[in-house]
Amino acid sequence: MAEGRMLGERARVERPRLERGDRERNQALPALILDPEKIRGKHAALCFATMAVMLGLPLWWKTTETYRAALPYSQISELDSLLLRLRVPVSVVFVQGSLPIVDQQKLPFTIVNERDIPLKCKMRLKSRFQQAYRMAGSSEENALKKDTVQEAEAALPLPKEDSLGSLNIFVIPEKSSLLPQDKMSYIGPKRTAFVRGAHGRQALTVIGQKILQVAQAMSLTEEVLASALGDRLPEDKLNLDKRRPLKSSLGYEITFSLLNPDPKSHEVHWDIEGAVENYVQPFMSLLSAIGNFSMDSQVLYYAMLGVTPRFDAATSSYTLAAHSLPHVINPVEARLGSRAASLYPVINFLLYVPERAHSPLYIQDKDGARVTTNAFHSPRWGGIMVYNVDPSAYNTTRYPVKVNVDMVPVMEVFLSQMRLLFGVPHPQMPENFLLGSPPSEGLRYWELDRLVWARAVENLATVITTLTSLAELLDKIGNIVIKDDVASEVYRAMDAFQEAALELSAGNLEVAFRASREAVTSSEKAFFDPSLLHLLYFPDDQKFAIYIPLFLPMAVPIFLSMIKIIVENQKARKDMEKVD
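Residues numbered from 1 in each chain as written. Predicted model: local features only at pLDDT ≥ 70, side-chain atom pairs only at ≥ 80, totals over all residues. Heavy atoms only, no water.

S.K.: So what's going on with the sheet that holds strand β4 (residues 167–172)? Residues and values would help.
M.R.: What the 7 strands build is an open sheet, ordered β2-β3-β1-β4-β6-β5-β17; its pairing is mixed. Two strands in the sheet have a free side with no partner beyond their single neighbour: β2 (109–117) and β17 (433–435). Pairwise comparison of adjacent strand axes, ignoring direction, gives a mean angle of 20 degrees for this sheet. Of the strand pairs in this sheet, β2 and strand β3 (residues 124–135) are connected by 9 bridges, and their pairing is antiparallel. Note on β3: the bridge partner recorded for Asp 116 is Lys 126. (Pairing = 2+ DSSP bridges. Helix = DSSP H or I, 4+ residues; strand = E, 2+ residues; numbered from the N terminus. Axes fitted to C-alpha atoms, helices over the stretch in contact; angles between N-to-C directions.)

As structure tokens, then:
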């Protein structure tokens, strides 16, 4: 009984104490967490922080990011290791008696000779001569019964395969009188050649070697391709001849200039319009396959060479030494004034009539001998010819002396310089080869084919360099905008490049050249697009300098509010623990 009374009294004493603790805790809760103003402030701060993080930052990131369209980087990186096959279709026609009867029964058939072109450049080249052997038809047999090889070539019917890059080789009997006895083959001005046949067990092998030698001389040679890839070859593979050709371009501007430094003594007249129409225009009509040409002429008075000639007392004449010729161009070029306003390469041909005080004037070579043409040319610039006035013209007291320029030797020199400038030098053939004279246009058809081969390969090499450089530039500078039109030009260049490579391997030279030129145009449009100028965009440190003043005033209040909310929540949690 006593223990029961004690427990009851203890319970009565502790119940008021618990009720008093609950009242104190309930009174503390509103002060800690149920303040409406604090709750509203916390909610506002959380909403601002959530909107800034979930909506503001992604929106800002998306609207300020640099747009970069996708490019075929992997395909561009593979261009350096490209193997380019150059197929030359060769039609080999055997005349009766040029081949043993046993071998004639094997015709027709086709053989392929493929070999690497040893050039030290990243682009690997391989020539592929596809020779289709057949017997001659009746019309061809009749044509080859002429007395001379030139007459036989003119009487031949038009071949079925006479496109750019194709060759037609006729194998005549070994004892035929069409060729001189000391000549093994004849290469005509068109895409036609004649080769002596052979007899014996290895007749086809021997003839095949001759045909391959002729085909290589008429189309793909190491020298032709080296001239096209001269800027990409090491120094030991280059010489002056390989540096001369002009770079491939969509067009060229040719300027003929008459320089009269002494108009008081000379009144010079030249029929440049007639000379261009009769000599230059036919030559340019053939070269129109590689580009567009425009021509103009001008007469410059008081235009000096800028180099004082040296007087030679032994010959009573003035001379320009070979070492002084490079100093002639710069002073004259300043007077021409055509290069600055031209979109295409300008080729200058200057006819210089020396002043009376320095007449006659002759050009000397490195050995001190007179140059027979009295002219020189500068690679990728043009040529200069000195035209001396007949000394008997000065036997008068009336000045100025009238000078009528004989345009025939002048145009012969200028056309020879044009051939060198465009990469069509005089072909070097073996001694047992007979080379036909060029046609009236001044350019053999197979020489034109060799030039187109070189230009097509040069264009593809240019595309590789341009696209590779563009890809490396865009990879290094990540804040350059790549627009869709730039990407479309890159893809267009890649498609045209692949088309050109396929057409070259198929032997369609004309189509391949057009595709290569389109590839060059598209690649250069992409590379020189104004939107790729990285100076228009800010680097990262400048971006921070611009965006920090914008975001800092907004971010600091939100950041401090979040810190305050965290601190208050921690304090309320501690107060709750103390009350408990």
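Anyway, onward from the coordinates.
S.K.: Residue-level account of unusual backbone geometry, with values.
M.R.: In this structure, the amide linkage connecting Ser 359 to the following residue, Pro 360, adopts the cis form with an omega of 0 degrees. Mapped onto the fold, Pro 360 is located in the loop between β12 (346–352) and β13 (361–363). Going from Tyr 399 to Pro 400, the amide bond is cis rather than trans, its omega being 10 degrees. Looking at the secondary structure, you find Pro 400 in the loop between β15 (382–386) and β16 (401–404). Located in the positive-phi region is Tyr 302, a residue other than glycine, with phi close to 60 degrees. Backbone geometry places Asn 374, a non-glycine residue, at a positive phi of 55 degrees. Note that Asn 374 resides in the loop between β13 and β14 (375–378). Assessed through its relative accessible area of 7%, Asn 374 is described here as buried. (Buried < 20%, exposed > 50% of the residue type's maximum accessible area, 1.4 Å probe, protein only.)

S.K.: How would you summarise the packing of aromatic side chains if you had to cite specific residues and measurements?
M.R.: Taken as a whole, this structure holds 12 aromatic pairs when the rule is applied. Aromatic side chains Phe 256 and Phe 414 sit 6.0 Å apart centroid to centroid with 40 degrees between the ring planes, which places their arrangement in the tilted category. Taken together, the residues Phe 256 in strand β7 (residues 251–260) and Phe 414 in helix α12 (residues 407–421) connect sequence positions 158 residues apart. Using a relative accessible area of 1% as the deciding quantity, one classes Phe 414 as buried. Grouping aromatic residues by their ring pairs yields a cluster made of Phe 94, Phe 109 and Tyr 133. Over the ring of Tyr 362 we find Arg 370, and its NZ or CZ is 3.8 Å from the ring centre. (Phe/Tyr/Trp six-rings, centres within 6.5 Å; stacked < 30°, edge-to-face > 60°. Lys NZ or Arg CZ within 6 Å of the ring centre and 35° of its normal.)

S.K.: Now, about the environment of Ser 297: what can you tell me, with residues and values included?
M.R.: Inspection of the secondary structure assignment puts Ser 297 in strand β9 (residues 292–301). Along the chain, Ser 297 and Leu 258 lie 39 residues apart, while their C-alpha atoms are 8.0 Å from each other. Contact partners of Ser 297, with chain neighbours within four places excluded, come to Phe 256, Trp 270 and Ile 272. (Contact = heavy atoms within 4.5 Å.)

S.K.: Help me get a handle on the environment of Phe 559, residues and values and all.
M.R.: For Phe 559, the position within the fold is in helix α16 (residues 540–579). The exposure class assigned to Phe 559 is exposed, which follows from its relative accessible area of 54%. Sequence separation of Phe 559 and Ala 45 is 514 residues, and the distance between their C-alpha atoms is 9.1 Å.

S.K.: Which residues make up the pattern of salt bridges, and what values go with them?
M.R.: A full pass over the atoms with the stated rule returns 12 salt bridges. Between Glu 114 and Arg 85 there is a salt bridge, with its nearest N and O atoms 3.6 Å apart. Residue Glu 114 is found in strand β2, and its partner Arg 85 is found in strand β1 (residues 83–94); the two are separated by 29 residues along the sequence. Accessibility expressed as a relative area gives 36% for Glu 114, which makes it partly exposed. For Glu 114, the salt bridge goes to Arg 128, with nearest N and O atoms at 3.0 Å. With Glu 114 in strand β2 and Arg 128 in strand β3, this residue pair connects regions lying 14 residues apart in the sequence. (Salt bridge = Lys/Arg side-chain N within 4 Å of Asp/Glu carboxyl O.)

S.K.: Could you give me a rundown of the UniProt feature "transmembrane region" (unreviewed entry) in the protein, with the residues and numbers involved?
M.R.: Under the UniProt annotation, "transmembrane region" (unreviewed entry) lies at residues 544–567. End C-alpha to end C-alpha, residues 544–567 measures 31 Å, and it is 100% helix and 0% strand. (UniProt positions renumbered as here; feature names shortened; annotations may be inferred.)

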